[in-house]
Amino acid sequence: MFRNFQITNRHIDVAFDKEYDRLMTESERRKNFHIEVISTLLDITRTIGRQGIAFRGHNDDKNGNFYQIAQLVARHNPVLKKWFENKSEKGSITTYLSAQSQNEFIQMLAEETRKEVVSTIQKSSFYTIMADTTPDTSHKDMLSLIIRTVDDDARISEKLLKIAEAPDKTGAGIAQTILQMLNSCQIDTKNMAFQSYDMAATMSGQYNGVQKIISDKVGHVVPFVPCQCHRTNTGVEHCCKASVIVADFFSVLQSLFVFFSNSTKRFAFLKDALKSVENSLKLTGISKTRWIARASTIEAVNRSYEAIVKLLDEIIEEIHGKVDSKTKSLALGLSKKLRSADFIISLTFMKIIFSKLRKVTEHLEKTELNVMDAITCIKSCVTNLTTIRNNSDVENQVRAGMEFCKRMDIDPEHDYATHHRPRRIPTRIDANPQTAVNLNMMSFYKKEFYSVLDVLILWLNDNATKAIETIQPLYNLFEIPLRREIDPENLQLVIDMMPNREMFSDVDYVITELEMLFDNCNEVTSADEILKIACSIKTVAPLAFKICQFMATAGYSVASNERCFSILKYIKSYLRSTMEDDRLDNLMLIHSEKEEIDKIDLGAVAKRWYILKNRRIKKVAC
């Protein structure tokens with residue numbers, strides 16, 4: 001017995017220790033196996049979410065994208081295949097492919113993504129809030145909140161924070177919803193530097209608008225910069241209604257699109273006709289809201305004008321086959337409209353104007369732009385339009401249109417005399433009707449196009465003026481060319497605009513740093529260049545960089561909100577109209593912030609999920 005006792009590897013406690021080690025090793029193996037499976041399922045969730053694809057089928061989840069992609073991956077992934085086929089490895093019959101599990105995966109990924117977004121905002125000294133609303137497919141008014149920041153490397157970003165229903169559409173109601181979104185994400189409102197919305201009275205009202213209520217609620221003045229894209233679009237809308245012949249021009253464009261798009265047969269004829277036109281563009285409809293988008297319609301018709309007119313004639317003459325009388329009548333009416341001097345000259349003129357406006361708008365929609373350069377862009381456009389207005393450019397465009405009419409065998413003078421003959425005032429009203437002004441053809445079209453330009457220039461000037469008024473001290477400081485002598489009073493006004501301005505108490509020291517910065521900006525042509533130079537010398541001029549950072553933080557457009565709404569219509573389509581708001585918010589964030597979702601460590605998320613689900617695993621094991 002004593003000899004057996006001396007053999008220690010036969011002791012009962014050693015046997016217990018070996019069994020314990022075996023159980024712990026098996027437990028760790030299963031844990032790692034589960035984490036690898038969950039990481040794979042999370043990766044599938046991330047891929048589907050970032051691509052904006054539906055997760056589930058209409059009635060049967062087994063026909064949904066998530067289930068089928070998981071099965072596809074399992075056919076090529078031994079770990080996932082073992083998970084689905086071997087129940088003993090799972091300890092239960094669950095596969096985590098249910099709708100509940102999908103929602104949990106989506107929520108965890110969205111939480112990790114939002115943490116990254118919030119962390120970026122919290123690291124920034126200043127931020128701008130940009131908000132807008134739109135109805136979704138379930139007729140809810142959805143509010144999107146975008147946060148604009150500039151990091152310490154001078155990188156500008158606009159991130160979606162949240163999207164939620166706005167049940168109260170008053171200024172107070174929307175302001176309350178915005179503040180609740182910020183509070184739910186633990187974002188300090190004391191760092192709010194600017195706010196930017198469209199010019200709707202609810203948002204921009206100076207007494208009961210969101211911008212006024214937000215300033216009152218956060219305890220400091222938050223300057224409001226109206227959306228430059230929205231204001232430009234509104235100006236384009238008004239200028240196109242300033243002339244009767246221009247308004248009729250757009251009506252003809254829409255009628256032309258409707259004529260071809262309402263019939264697959266006619267659309268096929270048009271498609272074949274455009275093949276013979278070099279660099280032809282697809283004919284599109286007239287947007288009712290985005291007036292700048294009409295530039296593509298104008299360009300498409302301008303490039304393919306002769307082919308379209310020829311096709312209309314062929315339809316009238318039944319060259320492509322027999323057509324009904326209504327189609328002939330519509331084609332005849334459109335052919336006459338397209339062959340009119342009003343249409344051709346308007347096409348020639350509006351092509352030039354809209355090409356300039358489209359470039360400006362596309363520039364204003366860029367995230368990396370700053371408010372100073374946005375104002376410069378608008379003022380440059382005003383200068384170009386004013387040059388067209390004051391020089392002989394309008395007259396040249398009218399002459400070009402008349403020459404094109406003659407090439408198409410159209411007599412512009414006869415057409416003008418037919419449709420714009422002088423209307424004499426009756427002698428019973430005016431005893432000398434011969435004193436009335438008689439406009440010739442050139443004067444008539446110049447008058448019409450001057451009306452368009454005058455309204456457009458007025459709107460764009462007013463647009464730039466309102467933006468400058470809001471940030472006047474900043475504009476005075478950073479206006480190109482830079483003023484070498486810095487006004488202390490103006491600089492103090494800039495500092496007063498800034499939240500957390502305690503570090504700028506010594507104005508003379510700030511002036512010294514700004515002078516150092518401006519000495520390095522001899523040949524700059526934009527505020528963006530000033531920001532980059534300030535970033536390069538931030539170690540020796542940190543306060544000057546902070547002021548540049550503050551300037552670049554100012555929002556000038558809600559284009560990011562509009563892009564967010566495009567995603568909203570894609571994710572919450574009529575086939576997914578019953579989606580809950582929380583799930584919609586999570587999917588919107590995953591799809592919008594692709595850079596953030598791609599950086600997430602799925603293994604860490606799977607471990608966190610494993611801890612949260614450990615209670616269920618223990619319960620099954622028992």
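It should be noted that the structure appears before, not after, this text.
Residues numbered from 1 in each chain as written. Predicted model: local features only at pLDDT ≥ 70, side-chain atom pairs only at ≥ 80, totals over all residues. Heavy atoms only, no water.

S.K.: Now, about helix α9 (residues 210-218): what can you tell me, with residues and values included?
M.R.: Taken residue by residue, α9 has Val 210, Gln 211, Ile 213, Ile 214, Ser 215 and Val 218 as its buried positions. Those residues of α9 that are buried are in contact with β1 (127-135), α7 (171-184), β4 (192-196) and α8 (201-204). Where α9 terminates, the next one or two residues include Gly 219, which has phi positive at roughly 90°. (Buried < 20%, exposed > 50% of the residue type's maximum accessible area, 1.4 Å probe, protein only. Helix = DSSP H or I, 4+ residues; strand = E, 2+ residues; numbered from the N terminus. Contact = heavy atoms within 4.5 Å.)

S.K.: Explain the packing of aromatic side chains to me, and be specific about the residues and the numbers.
M.R.: With the rule as written, the count across this model stands at 21 aromatic pairs. Judged by centre distance (4.2 Å) and plane angle (10°), the ring pair of Phe 349 and Phe 449 falls under stacked. Pair noted here: Phe 349 is in helix α16 (residues 341-364) and Phe 449 is in helix α20 (residues 441-470), with a separation of 100 residues, a long-range link. Given a relative accessible area of 1%, Phe 349 falls into the buried group. Measuring from ring centre to ring centre gives 6.2 Å for Tyr 416 and Tyr 445, while their planes differ by 55°; the resulting arrangement is tilted. Within this pair, whereas Tyr 416 is found in helix α19 (residues 412-419), its partner Tyr 445 is found in helix α20, the two being separated by 29 residues in sequence. (Phe/Tyr/Trp six-rings, centres within 6.5 Å; stacked < 30°, edge-to-face > 60°.)

S.K.: Any chance you could break down the sheet that holds strand β3 (residues 156-165) for me, citing the residues and the numbers?
M.R.: Pairing is mixed across the open sheet formed by four strands, whose spatial order is β3-β2-β1-β4. For this open sheet the edge positions go to β3 and β4, each flanked by a neighbour on one side alone. For this sheet, the mean inter-axis angle between neighbouring strands, taken without regard to orientation, is 25°. In the sheet, β1 pairs with β4 via four bridges, with the strands oriented parallel. (Pairing = 2+ DSSP bridges. Axes fitted to C-alpha atoms, helices over the stretch in contact; angles between N-to-C directions.)

S.K.: Can you lay out the environment of Thr 189 for me, pointing to particular residues and giving the numbers?
M.R.: Following the sequence through the fold, Thr 189 ends up in the loop between α7 and β4. On the basis of relative accessible area, Thr 189 is assigned to the buried category, the value being 18%. Taking the C-alpha atoms as reference points, Thr 189 and His 220, separated by 31 residues in sequence, lie 9.5 Å from one another. Ignoring anything within four residues of it in the chain, the contact list for Thr 189 reads Tyr 127, Leu 179, Leu 182, Val 218 and His 220.

S.K.: If you had to explain α7 to someone new, which residues and values would you point to?
M.R.: Compared with the 20 Å implied by 1.5 Å per residue over 14 residues, the 20 Å span of α7 between its first and last C-alpha is a close match. By the burial criterion, the buried members of α7 are Gly 171, Gly 173, Ile 174, Ala 175, Thr 177, Ile 178, Leu 179, Met 181 and Leu 182. Buried positions along α7 lie against β1, β2 (141-150), β3, β4, α8 and α9. Residue Gln 186 follows α7 closely and has a positive phi angle near 55°. (Expected span 1.5 Å × (residues − 1).)

S.K.: Would you mind going over the pattern of salt bridges in detail, with residue names and values included?
M.R.: If you walk through the whole model with that rule in mind, you get 32 salt bridges. Residue Lys 275 is joined to Asp 272 by a salt bridge in which the shortest nitrogen-to-oxygen separation is 3.6 Å. Taking the relative accessible area as the measure of exposure, Asp 272 reaches 48% and is therefore partly exposed. Put simply, Glu 395 and Arg 399 hold a salt bridge, and the shortest N to O gap is 2.6 Å. With Glu 395 and Arg 399 both in helix α18 (residues 393-407), this residue pair falls four residues apart, about one helical turn. In this structure Glu 395 comes out as partly exposed when scored by relative accessible area, which is 23%. (Salt bridge = Lys/Arg side-chain N within 4 Å of Asp/Glu carboxyl O.)

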